[in-house]
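# Descriptive structure summary
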Amino acid sequence: MTITDDIVKRHGLAPDEYQRILEMLGREPTLTELGIFSVMWSEHCSYKSSRVHLKTLPTTGARVIQGPGENAGAVDIGDGLAAVFKIESHNHPSFIEPYQGAATGVGGIIRDIFTMGARPIALLNSLRFGPLDEPLVRRTFAGVVAGIGGYGNSIGIPTVGGEIGFDESYTGNPLVNVFCLGIAKADEIIKGVASGAGNAVYYVGAKTGRDGIHGATMASAEFDEKSAEKRPAVQVGDPFMEKLLLEACLEVMKTDALVGIQDMGAAGLTCSTCEMGARGGAGVEIDVSHVPQREAGMTPYEIMLSESQERMLLVVKQGRESEVERIFEKWDLHAVRIGEVTTDGLMRVKSDGEVVAEIRTESLTDGAPLYHRPMTEPAYLTEARRLPSLGAPRPADEVFRRLLLSPGIASKRWVYRQYDHMVRTNTLVLPGMGAGVVRVKGTSRALALSVDGNGRFVYLDPYAGAQLAVAEAARNVACAGGQPIGGTNCLNFGNPERPEIMWQFARAVEGIGAACRALDIPITGGNVSLYNETDGTPILPTPVLGVVGLIEDATMIASGGFRSEGDSILLLGETLDELGGSAYLKVMHGLVRGVPPRLDLQREAALLRLLVKGVSCGLVRSAHDCAEGGLAVALAECCFETGLGAEADVPRVETALPGFRDVSVLFGESASRVLVSVSAGRVAEMETLAAEAGVPVATVGRVGGDRIRIAVGGRAVLDEPLAAAERLWSDAIGNYFESQHATG
Amino acid sequence: MKFAIVVFPGSNCDHDAYHATKHVLGQEAAFVWHKDTSLQGADVVILPGGFAHGDYLRTGAVARFSPIMPAVQRFAEAGGPVLGICNGFQVLLEAGLLPGAMLRNRSIRFQCEHVVVKVECTDTPFTSRCSPDQLLRIPIAHGEGNYYAEPEIVEQLEARRQVIFRYATASGAVTPEANPNGSVRNIAGLCNERRNVVGMMPHPERACELAIGSADGLLLLESAVHSVGQGTFVTTP
C-alpha cells in the first residue's frame, strides 16, 4: 500500500516528521509502521514540545531512588522502604465519556505504580470543571466523580485527598489529574526493561479489542464539534480485572523471575514493547497473532494501536516461565507468550510469522522529534495584570457567604463521600481540608500528600503562579507535619503550537524548577497534557503539583480543624494588599485580573521548617494554610472541621484601592500564611520558635464560642453564626445535584 | 484463637480484617483462598468487604459458588461464628445463610462515612461484649447497602430478635435521618436464627484504632474471642 499525504495527515504527522520516518527506515513505512510512529511520536507519548523544558527541572536528591523516565518516580522513606508515586492526566477522555474517562485514568496510574513493584495505598485527584450551573458541566462533574469512585472503590485503594477548581475555560475541557502512591521495598523496585536475548515476552490481562485506537493521538489534538465522534477512542475500565492483575503481578514480583514489566497505557502494545526494548538496549520480537483478541478479524495495525485497558507486558527469565504462568493461573489470568527479547535492537512485529513492522526501538523513543517551539509573551498580560476600578465593595458578611457558597471553596464532602477514603485502614486525616495523611504500616512513619494548582495565578503570571502551586502543595504537607521529600507534576496547557501557550508552558516550568530547588523538592516524574482547548479557546494554564511529605512519627500529626476551646490562634506569615487572581475577584466581580501574590521562596522554606518542627514536637495543635478565599475562609474552615467557633483580631493593611481595606485583609490571598492553634499556655513558645525561624507571627485570637468573629485592627468587621455558615458551605455543591435529582 | 479470613479475588478489606485481628487484637489470623475447600481449623470465619468477583452482575452473586463456600456453610451449620462484613454480608445473603437482599443505596451513590449503629442484641458471638442499646461509631463504604426483605420476613426477623444493629443518630434515636442508605427498619446488621452467623454493612475492622478515627469496632472482634473462649459459639462435630 502506498502512503499518501492524506494518510500521513490523518495520522497527525507533519510532513517533515514523515520525512524523518523515511530517513530512519531508509524506505517507505508499512501502514502498521506508520501507525506505530504516529502514536509514539504523538505529543502524549513523545513529549516532543515539552522535553527541552522538562529537562531543566531538578530531579535528583539524597532520597531519590528513581527519577523521571520510568513508569513512576520513587523516594526513600526509611525502614528500607520507598514511596513510589506519579500524577497523570486523563482530560480528553473524561470530556468525551466522563465516567469511563475518569475511571480509566485511575486505572492507568494505579498500573504505573504496581508495575514498579509497589503496593498502591493512596489516590488523590485534581479536577477542573466549568461552572456547575451548566447542565453539561453537572453531567461531566457527576460522571467523573462516579468514575473515580467506581474504579478506586472497587479495586480497594483509598482516595484520601485532592482539590477541585471551577472556571468557564474548563467547560468543554475538564481536567482529570490522578495521583497514586504505593509502597515498595527500596531494593526491590522493578523496572520497565527488556533484556537478555531469548527471554520470553509475555502478555497478560484483558483481551485486546478495537477500543482506544489512536487515544494517544486524540489526546494530542484540540477539541472541536466533531470530538463526540471520537467516542470509540475512549476505553472502558474493568477494575476487577485490574485487581487480579495487581495481586498477581505483586505475587510474581516476589519470585525474582521477572526481568521487567510495563503496563500497556497510551499507545498500548506499541509503547510498552518499544520502550522496554529501548530502556534495556535490546530488541523485542512479537507475533500479534498470539495476542488474545476480543474481536475477530483485527489487523496487526489495530492490535498494535489498541488501548484496551488492564493489560501488562512482562519479560520473564529463561527457565522461570512455568512458575510465572502458575501464579497468573491462580488468579484466573492467562499469561500468553507472544515473543522474545533479541539482540538486534529492533522492534519486530510479526503476524502469523510474517514481518509487518521492523523499526529500531530507539527511533520510536529517543529518536522522536524534539521541538524548540517558538514562544511569545501573550498580549493579554498587560491588560490582565492591571486591576480595574471595582466600585464600592459589598459588605464583608455578604462576600463571606458568597465565597462559602462558591463551588471552588465550598465543602467537597458531596464528592469525597463517594470515594472510599478509609479502605486499607491507614487514613489518619480524612479528606476535607489540606493534605491527606496515611500511615505506613510496619513502621512508625506516615506520609502527607497534597495536590495543588491555581490556574488563575498561572494565567496572570505563569512563572509566579507555578511557584505558588509548588509552595501551596508543600505548605499543605508541612501543615500536617510532613517534610516535603519529593514531587510530581501534571502540566495542563493549551496548544503548544501557539507561541503564547508555549511561552506560558516554558515560564511555568521555569517557575516550578526554581521553587522546587529552593524548597528542596526533586521532581521524580509526571505528565504533560497539551492541546487542552475547545474551538480555539484554551483552558487557564494549569500546572498541578503533587508533593509527598514524610512524617517521622505517625502519632505527631496535625489537621486543619481547631482542637479545643480556649486554644490560641496564631497567624504565621504576612498579609499584604494582594487581591490579584483571588477567588474574591472571580466570585464577586467575575474577574481574573491583577498580579498574583508575591512569593519569597526563602521565607516559604523557613515556614515549612517551622511547621514541621512545631507539629512534630506537639506544640502546633492544628495548622491550615490561607489559600482560596484568604484569611476569613481559612478561619471558617478551621471552625467547620470540629464545630468550634473562633474570635480573631488581625492587623490592618494599607491598600491601593480606596475602601478595600477590609476586603483585602479578609479575602486577599497573600502566600506563605498559615493559621495555627496552640494551647493558651504555649503561645510564647510558638512565638519564639517562629522568631528563630524568621517567620512573621501574630497572635490573633482564640478558639471558642459558636460564632466566627473577625476584627481588623480592633474594629469588628465580620460576625457570623458558625452553624449557619457551615450549612451554606457544606450543602453548596450537593444542592446543584439534589434539586436536579428531584426534577428527574 | 484463630480467625480465618476468606479471600475472594476481588476482596479488598481482607488485609484490613487481618490487620485488625492479628495486629490489633493479637489473635491468630489466616487468609483462606476462595478456591480452597478447608477453613484450616479456624474458630471464627470472616467474609471481608470488597467486590468478590467484580460484582458486575449482583453483589456476591458469583461468590456463593466459590469452592470455599460449602466449608463456610458446614461451619455455620455446626454453630461456628461467621461474620460477613459489607460485601461479605452480601455474599451471606446470596448464599442463603441470611435472609433478604441488598438494593442500591437510596442516594444511588456510593457512600463512605462514619455512621452510628445501635446494638440491638448482645446474644451473638460478635456482640457479647457490647451492652444493650450501646452506640458504636463505625464507618460504612458501599453502593448497595439498602437492606430489603419481604414484610413478612422482616416481621419474622423482628419477632426472633435477629436484627443486631440499626442505624441511629448520635443520641441513639432510630430515625429516617439516621438511615444512610434506605435500609428497611434502619437495619445495619442481622443474624441467623441460630444467632452464630452475623452480617453487617458497617466495617468494624476499620474502627479498631483511635488513630484512624474510632476503636468501637474492636468490641465486636473481642466479643468473638470472648464467646469462643466461653464455649458459647463453637462448632459442634
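Use the structure listed above.
When you go through chain A residue by residue, the secondary structure sums to 26 helices and 28 strands. For 744 residues, the compact-globule estimate of 2.2 N^0.38 gives 27 Å, and the C-alpha radius of gyration of chain A, at 26 Å, lies within 12% of that figure. Dimensions along the principal axes, computed over C-alpha positions, put chain A at roughly 85 × 55 × 50 Å. Among the 744 residues that make up chain A, the fraction classed as buried is 66%. Counted over contacts in chain A with a minimum sequence separation of 6, partners at least 24 positions apart contribute 84%. A total of about 24,500 Å² of accessible surface is found on chain A, and carbon and sulfur atoms cover 49% of it.

Let us now look at the side chain of A:Glu163. Residues and elements named next belong to chain A. Relative to the assigned elements, glutamate 163 resides in strand E5 (residues 159–166). A relative accessible area of 15% places glutamate 163 in the buried class. One polar contact links glutamate 163 to serine 126, side chain to side chain, over a distance of 2.6 Å. Each residue touching glutamate 163, except ones within four places of it in the same chain, is listed here: Asn125, Ser126, Leu127, Arg128, Val451, Asp452, Gly453 and Val544.

Glancing now at the environment of A:Thr699. Residues and elements named next belong to chain A. Of note, threonine 699 is situated in strand E26 (residues 697–703). When the C-alpha atoms of threonine 699 and glycine 536 are compared, they prove to be 50 Å apart, with 163 residues separating the residues in sequence. In contact with threonine 699, other than residues within four places in its own chain, are Ile569, Leu570, Val683 and Glu687. Here glutamate 687 takes part through its side chain, which lies 2.6 Å from a polar atom of the side chain of threonine 699.

The next subject is the sheet that holds strand E15 (residues 436–439) of chain A. All names here are of chain A. An order of E14-E15-E16-E21-E17-E18 is seen for the 6 strands of this open sheet, with the pairing classed as mixed. If you trace the sheet from one side to the other, it starts and ends with strand E14 (427–429) and strand E18 (523–529), each paired once. Taking the axes of each pair of neighbouring strands and ignoring which way they run, one obtains an average angle of 25° across the sheet. Across 9 bridges, strand E17 (residues 483–492) lies against strand E21 (residues 542–551) in antiparallel orientation. The residue bridging asparagine 492 from the neighbouring strand is threonine 542, located in E21.

It is worth spelling out empty space enclosed by the protein at this point. Residues and elements named next belong to chain A. Applying the stated rule across the entire model yields 5 cavities of 30 Å³ or more. Computed from the structure, the largest cavity encloses a volume of approximately 80 Å³. Taken together, 14 residues make up the lining of the largest cavity; nearest its centre are Met433, Gly434, Ala435, Gly560 and Ala623. Counting residues per element, the ones that place at least two in the lining of the largest cavity are helix H19 (462–479) and strand E23 (622–625). Per element, the largest residue contribution to the lining of the largest cavity is 3 residues, and it comes from E23. Taken together, the residues of the lining of the largest cavity break down into 8 nonpolar, 5 polar and 1 charged.

What follows is about the interface of chain B and chain A. One widely used convention gives an interface's size as the accessible area the parts lose upon coming together. Residue-level contacts link 28 residues of chain B with 33 residues of chain A. For the chain B and chain A pair, buried surface summed over both sides reaches about 2,600 Å², with 56% attributable to carbon and sulfur atoms. Connecting chain B to chain A are 6 salt bridges. With a closest N to O distance of 2.9 Å, B:Glu113 and A:Arg417 form a salt bridge. Our enumeration of links across chain B and chain A arrives at 14 residue pairs in polar contact (both at pLDDT 80 or more). Contributions of two or more residues to the side of chain B that touches chain A are made by helix H1 (14–24), strand E6 (111–119) and strand E7 (135–142) of chain B. A per-element tally of the side of chain B that touches chain A places E6(B) first, with 4 residues. A breakdown of the residues in the side of chain B that touches chain A according to their chemical character gives 12 nonpolar, 9 polar and 7 charged.

The next subject is the sheet that holds strand E3 (residues 81–89) of chain A. All names here are of chain A. Read across the sheet, 6 strands follow the order E1-E2-E3-E6-E4-E5 without closing on themselves; strand pairing throughout is mixed. The sheet is open, and its two borders are formed by strand E1 (64–66) and E5, each paired with just one other strand. This sheet shows a mean twist of 25° between the axes of neighbouring strands, independent of strand direction. Judged from the 9 bridges that link them, strand E4 (residues 119–129) and strand E6 (residues 175–185) form a sheet pairing that is antiparallel. Bridging from a neighbouring strand, arginine 128 pairs with leucine 175 of E6.

The next subject is the environment of A:Gln602. Looking at the secondary structure, you find A:Gln602 in helix H22 (residues 601–616). Considering only alpha carbons, one finds A:Gln602 and A:Ala518, 84 residues apart in sequence, at a separation of 7.0 Å.

Right, let's talk about the packing of aromatic side chains for a bit. Scanning the entire structure with this criterion turns up 16 aromatic pairs over all chains. With 5.5 Å between their ring centres and 20° between their planes, A:Phe141 and A:Phe737 make a pair best called stacked. With A:Phe141 in helix H8 (residues 135–155) and A:Phe737 in helix H26 (residues 722–742), this pair connects stretches of sequence that are 596 residues apart. Grouping residues by exposure puts A:Phe141 and A:Phe737 together as buried. One aromatic cluster is present, built from ring pairs that chain together A:Phe129, A:Phe141, A:Phe166, A:Trp414 and A:Phe737. Across the ring face of A:Trp41, the terminal group of A:Arg20 is positioned such that the distance to the ring centre comes to 5.8 Å. Over the ring of B:Trp33 we find A:Lys330, and its NZ or CZ is 4.9 Å from the ring centre.

Rules behind the numbers
- Residues numbered from 1 in each chain as written.
- Chains lettered and ligands numbered in written order.
- Predicted model: local features only at pLDDT ≥ 70, side-chain atom pairs only at ≥ 80, totals over all residues.
- Heavy atoms only, no water.
- Helix = DSSP H or I, 4+ residues; strand = E, 2+ residues; numbered from the N terminus.
- Rg over C-alpha atoms; globule rule 2.2 N^0.38 Å.
- Buried < 20%, exposed > 50% of the residue type's maximum accessible area, 1.4 Å probe, protein only.
- Contact = heavy atoms within 4.5 Å.
- Areas by Shrake-Rupley, 256 points an atom, 1.4 Å probe, with all protein chains shown as cover.
- Polar contact = N/O pair within 3.5 Å; in protein donor to acceptor, adjacent residues only side chain to side chain.
- Pairing = 2+ DSSP bridges.
- Axes fitted to C-alpha atoms, helices over the stretch in contact; angles between N-to-C directions.
- 1 Å grid on protein atoms, 1.4 Å probe; cavity = no way out; pocket = protein on both sides within 12 Å on 5 of 7 lines; lining within 4 Å.
- Points joined across faces, edges and corners; volume = space filled by probe spheres on them.
- Nonpolar A, V, L, I, M, F, W, Y, C, P; charged D, E, K, R; others polar.
- Buried area = accessible area lost by both parts, 1.4 Å probe.
- Salt bridge = Lys/Arg side-chain N within 4 Å of Asp/Glu carboxyl O.
- Phe/Tyr/Trp six-rings, centres within 6.5 Å; stacked < 30°, edge-to-face > 60°.
- Lys NZ or Arg CZ within 6 Å of the ring centre and 35° of its normal.

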